[in-house]
Amino acid sequence: MTTPTLSIQNLTVDIPTRHGILRPVQNVSYDIAPGEILGVVGESGAGKSMAGNAVIGLLNPPAHIASGEIHLNGIRIDHLQGDEMRRLRGKQIGMVFQDPLTSLNPLLRIGDQLTETMLAHLDISQSEARQRAIAALEEVGIPGAAERVDSYPHAFSGGMRQRVVIALALCAEPSLIIADEPTTALDVSVQAQIIALLKKLCRERGTAVMLITHDMGVIAEAADRVAVMYAGQLAELGPVREVLTAPLHPYTDGLMGSTPLASRGKDRLHQIPGAMPRLDSLPQGCAFHPRCPRTEADCKVSPGPQLIDGAACLHPIAREDVA
């Protein structure tokens, strides 16, 4: 079998506080194959971004990886520190953030930022780096790339800036891209363009993508598989078409029911009652049980199983019930 580009095994992230240890990511495991887009979805506070930050070594102290392993192309990386992790970023792992303005230096020309990244990670000359920068901008659909390579970030629209950030993430030819809410700040038509661009580049280059989002529409459009997270844990994991059309976990079912498509013909969108619990006040048993329509007595005592047949639920929905 092909070695996964990214393999996360029983990842747990802890944040020590005066009142105890908070656990935003708990026993999370999944793989991403070369050329595959894995969508990681859930409400705000589910632990999606924290898992991505753990992979790229951007956890803010005192947050730290408490247990588990992270492997990139078969090599363990969760123990890397300092310069070792910095060499990994950009070269083997690219990052696309939600707001492109936070990823681009407003005082540097676009071309300088691209060439700086390539010169840091690739054995090429300054002139070759500039030519590659222009080619990268052309590849992501920047018109007049040869002229605009010397423009500053403020001269680009939001959608064009996000294209530049994607070029920046890909310019050193990484094997993994972590895209954290890459379309949230964009209007719907530009969102579709960015998603199509990510899919095209990943298929052509064989790059694996961890696509972090709260938008089920983005997941349906872009992802090959989907990992649903709730309160720091995996609720469901499987092929995107299977999970979205016939969810096993009640939380996934609630997320799908709250989308306009699923609520078509109804007066109101479905809403999951309540809110995700705070990390310092997680309920006993299954974290979702206070909001779950399928709660039974054992859900209030047992934390629930690890993923079994794709869902971490004591009383999963039968496929025939949602087919």
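Figured I'd write up the structure that's included with this text. (Residues numbered from 1 in each chain as written. Predicted model: local features only at pLDDT ≥ 70, side-chain atom pairs only at ≥ 80, totals over all residues. Heavy atoms only, no water.)

### Observations regarding the packing of helix α7 (residues 158-170) against helix α8 (residues 188-205)
Think of two packed helices as two axes; the pair is described by the angle between the axes and how far apart they sit. As a packed pair, α7 and α8 sit with axes 10 Å apart at the nearest point and diverge in direction by 15°. The orientation of α7 relative to α8 falls into the category roughly parallel. The way α7 lies across α8 gives a crossing that is right-handed. Contact with α7, carried on its side by G159, Q162, R163, I166 and L170, involves V190, Q193, I194, L197, L198, L201 and R205 of α8 and no other residues of that element. (Axes fitted to C-alpha atoms, helices over the stretch in contact; angles between N-to-C directions. Helix = DSSP H or I, 4+ residues; strand = E, 2+ residues; numbered from the N terminus. Parallel < 35°, antiparallel > 145°, perpendicular 65-115°, else oblique. Left-handed = near helix turned anticlockwise from the far one by under 90°. Contact = heavy atoms within 4.5 Å.)

### Quick look at the nonpolar core
Looking at soluble globular proteins, one finds that nonpolar side chains tend to be buried together. In terms of nonpolar packing, the biggest core is built from 96 residues, with Y30 and M210 touching the most fellow members. With residues near it in sequence (within four places) discarded, Y30 still touches L6, S7, I8, L38, V40, A51, M210, A227, L234 and L237. (Core = buried A, V, L, I, M, F, W, Y, C linked by side-chain atoms within 4.5 Å. Buried < 20%, exposed > 50% of the residue type's maximum accessible area, 1.4 Å probe, protein only.)

### Some thoughts on the sheet that holds strand β1 (residues 6-17)
Here we have 4 strands laid out as an open sheet, ordered β2-β1-β4-β5, and antiparallel in their pairing. On the outer flanks of this sheet lie β2 (20-32) and β5 (75-76), each paired with one strand and no other. Here 7 bridges tie β1 to strand β4 (residues 64-72), and the two strands are oriented antiparallel to one another. In the sheet register, L6 faces β4, and the bridge partner there is L72. Relative to the sheet, helix α1 (residues 48-56) contacts β1, β2 and β4, its axis offset from that of β1 by approximately 105°. (Pairing = 2+ DSSP bridges.)

### Some remarks on the pairing of strand β9 (residues 225-230)
Most of β9 is tucked away, with 5 of its 6 residues classed as buried. Pairing geometry for β9 and strand β10 (residues 233-239), over 6 bridges, is antiparallel. Within β10, the residue paired with V228 across the bridge is E236. The hairpin formed by β9 and β10 contains 2 residues between the paired strands, and A231 there has a positive phi angle of roughly 50°.

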